[in-house]
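Summary of the model geometry
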Amino acid sequence: MLIFAHRGVSAIEPENTILAFRAACTANAYGIEFDIHHVDGQLIVIHDRYLDRTTSGSGLLIEHTFAQLRQLDAGKGTIIPTLGEVLTAVANQCVINIELKGMEIEDISILFKCLDNAKKVLKLNFKNILLSSFNHHLLQAIYRQRPEFSLGALTAALPLNHAKFAQQLNAYSVHIVVDYVCAEFVLDAHQRGLKVYVYTVDKLSDIKRMKVIGVDGIFANNPKQAQLHLNQLNLK
Ligand code: G3P
Ligand code: CA
C-alpha cells in the first residue's frame, strides 16, 4: 500500500509548508499531497480559504494581495509557499499530488505554465505529477487541454455508481474519504482500471481495514508512523 504525506508530514510540521514537504522526503513517503489556491495571479499552497487556522493572518485569502500573504507566518516562521517553490524543493523526489482547491477553469493555464516551467528548469517528470480535485469540471477541462497529466478524482461520498464518475473523467485514480470507502467501491474502481487512494488514514485499525479491502494507497498525516503500522500488519 502506497503512502502519501497528507499536506506534507502535517502531524509534525506545519501543514502545507516546505518544512512539511522536506520531512516527507526524509520519511521516504511515496508521495506528497498538498492544496493550491489561485490568489492575485499566483498559485499558493494552503488548505483553507481563510487564513486564520494555519497562519498568523486572518480573513479570506482572496481579499489579500500576494505581497500581504507572503508577510504571514505559516508556522515555525515559514512563509506560505508558492507551487513553484514546492516543485523546486521536491521535484522528482517522490510523486507530487497537487489538489486544486481555490481555482477556476480560467486559472488552469497558470497551473500549466508553472508545471511546464518546472519541466524545463527542474527536469520535472510529469509522470510524477497527479492532479486531483473535488471540482470535477476542473478535471474535465484539464483532460481536454492536457491529457498527459494523471488525474485523481476526489469524492467525500459513496456515489450510487461507485467509481463510474472517475472513469468518466478519464482519471488515473479515485480518491475517497476513509469514512465511506468499502470493499464494493474498491472492487468497482479496480474493474474500471482505477487506483484507489483513501484519505485521511492514520490509525492502525483504519490501516488494517484499508489493507483488507485492498486499497492501493492512503494519505497519512504521519507517513513514517503509517509505514510502521503497515509493516506490523504485514508481519502477521
Ligand atoms: O486529497 C485528499 C484530501 O486531502 C482531501 O481532503 O480536506 O484534506 O483537502 P482535504
Ligand atoms: Ca487536500
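Since this is a predicted model, take the numbers as computed values, not measurements.

Glancing now at the overall build of the protein. If you tally the helices and strands in the protein, you get 9 helices and 9 strands. Taking 2.2 N^0.38 as the reference for a compact globule, 236 residues should give roughly 18 Å; the C-alpha atoms of the protein span a radius of gyration of 17 Å, in line with that estimate. Across its three principal directions, the C-alpha atoms of the protein cover 50 × 40 × 35 Å. Split into buried and exposed, the 236 residues of the protein put 54% on the buried side. Across the protein, every contact between residues at least 6 apart in sequence was considered, and the portion connecting residues at least 24 apart equals 54%.

Here we take up the state of the cysteines. Here the structure, examined in full by the defined rule, presents 0 disulfides. Among the cysteines around Cys114, which has no disulfide bond, Cys94 carries the closest sulfur, lying 16 Å off.

With that out of the way, let us pick up the site of ligand 1. Surveying the vicinity of ligand 1 reveals the residues His6, Arg7, Glu33, Asp35, His47, Glu99, Lys101, Phe134, Leu154 and Tyr199. Separating an oxygen atom of ligand 1 from a side-chain N or O atom of Asp35 is a distance of 3.3 Å. For ligand 1, the protein covers 89% of the area, taking 290 Å² as the surface of the free molecule. Split by residue class, the shell around ligand 1 holds 3 nonpolar, 2 polar and 5 charged.

A word on the side chain of Thr155. Tracing the sequence through the fold places Thr155 in strand S6 (residues 150–155). In this structure Thr155 touches Phe134, Phe165, His175, Ile176, Val177 and Tyr199, once residues within four positions along its chain are discounted.

On to the coordination of the calcium ion (ligand 2), then. The coordination sphere of the calcium ion (ligand 2) contains the protein donors Glu33 (OE), Asp35 (OD) and Glu99 (OE), at a distance range of 2.1 to 2.2 Å. Read from N- to C-terminus, the donor residues coordinating the calcium ion (ligand 2) fall into the pattern E-x1-D-x63-E. For the pair shown, Glu33 and Asp35 are each scored as buried.

Each neighbour pair has its own omega, and for Tyr199 with Thr200 the value is -25°, a cis peptide bond. For Thr200, the location among the structural elements is in the loop between strand S8 (195–199) and helix H8 (204–213). Phi at Asn28 is positive, roughly 60°, even though this residue is not glycine. Here Asn28 lies in the loop between helix H1 (18–26) and strand S2 (31–39). The exposure class of Asn28 is exposed, given its relative accessible area of 68%.

Further remarks concern the packing of aromatic side chains. A full pass over the atoms with the stated rule returns 8 aromatic pairs. Judged by centre distance (5.8 Å) and plane angle (5°), the rings of Phe112 and Phe149 are stacked. In this pair, Phe112 is assigned in helix H4 (residues 108–122) and Phe149 in the loop between helix H5 (136–145) and S6, connecting sequence segments 37 residues apart. Taken individually, Phe112 and Phe149 each receive the classification buried, so the pair is uniform in this respect. One aromatic cluster in this structure is built from Phe4, Tyr30, Tyr197 and Phe219. Sitting above the plane of the Phe112 ring, Arg146 keeps its charged end 5.1 Å from the centroid.

Here we take up the UniProt feature "domain: GP-PDE" (unreviewed entry) in the protein. The positions that UniProt labels "domain: GP-PDE" (unreviewed entry) are, in the present scheme, residues 1–230. This span, residues 1–230, is 34% helix and 22% strand, and a straight line between its end C-alpha atoms measures 8 Å.

Moving on: the packing of H8 against helix H9 (residues 223–235). Running from N to C, H8 and H9 cross one another at 55°; their axes reach a closest spacing of 10 Å. In terms of orientation, H8 and H9 fall into the oblique class. Judged by the twist between their axes, the crossing of H8 over H9 is right-handed. Mapping the contact onto sequence places Leu204, Ile207, Lys208 and Lys211 in H8 and Ala226, His229, Leu230, Gln232, Leu233 and Asn234 in H9. Counted by class, the contact of H8 with H9 contains 5 nonpolar, 3 polar and 2 charged residues.

About the criteria used
Residues numbered from 1 in each chain as written. Chains lettered and ligands numbered in written order. Predicted model: local features only at pLDDT ≥ 70, side-chain atom pairs only at ≥ 80, totals over all residues. Heavy atoms only, no water. Helix = DSSP H or I, 4+ residues; strand = E, 2+ residues; numbered from the N terminus. Rg over C-alpha atoms; globule rule 2.2 N^0.38 Å. Buried < 20%, exposed > 50% of the residue type's maximum accessible area, 1.4 Å probe, protein only. Contact = heavy atoms within 4.5 Å. Disulfide = S-S within 2.5 Å. Near = heavy atom within 4 Å. Polar contact = N/O pair within 3.5 Å; in protein donor to acceptor, adjacent residues only side chain to side chain. Areas by Shrake-Rupley, 256 points an atom, 1.4 Å probe, with all protein chains shown as cover. Nonpolar A, V, L, I, M, F, W, Y, C, P; charged D, E, K, R; others polar. Donors = N, O, S within 2.8 Å, 3.2 Å for Na, K, Ca; no water. Phe/Tyr/Trp six-rings, centres within 6.5 Å; stacked < 30°, edge-to-face > 60°. Lys NZ or Arg CZ within 6 Å of the ring centre and 35° of its normal. UniProt positions renumbered as here; feature names shortened; annotations may be inferred. Axes fitted to C-alpha atoms, helices over the stretch in contact; angles between N-to-C directions. Parallel < 35°, antiparallel > 145°, perpendicular 65-115°, else oblique. Left-handed = near helix turned anticlockwise from the far one by under 90°.

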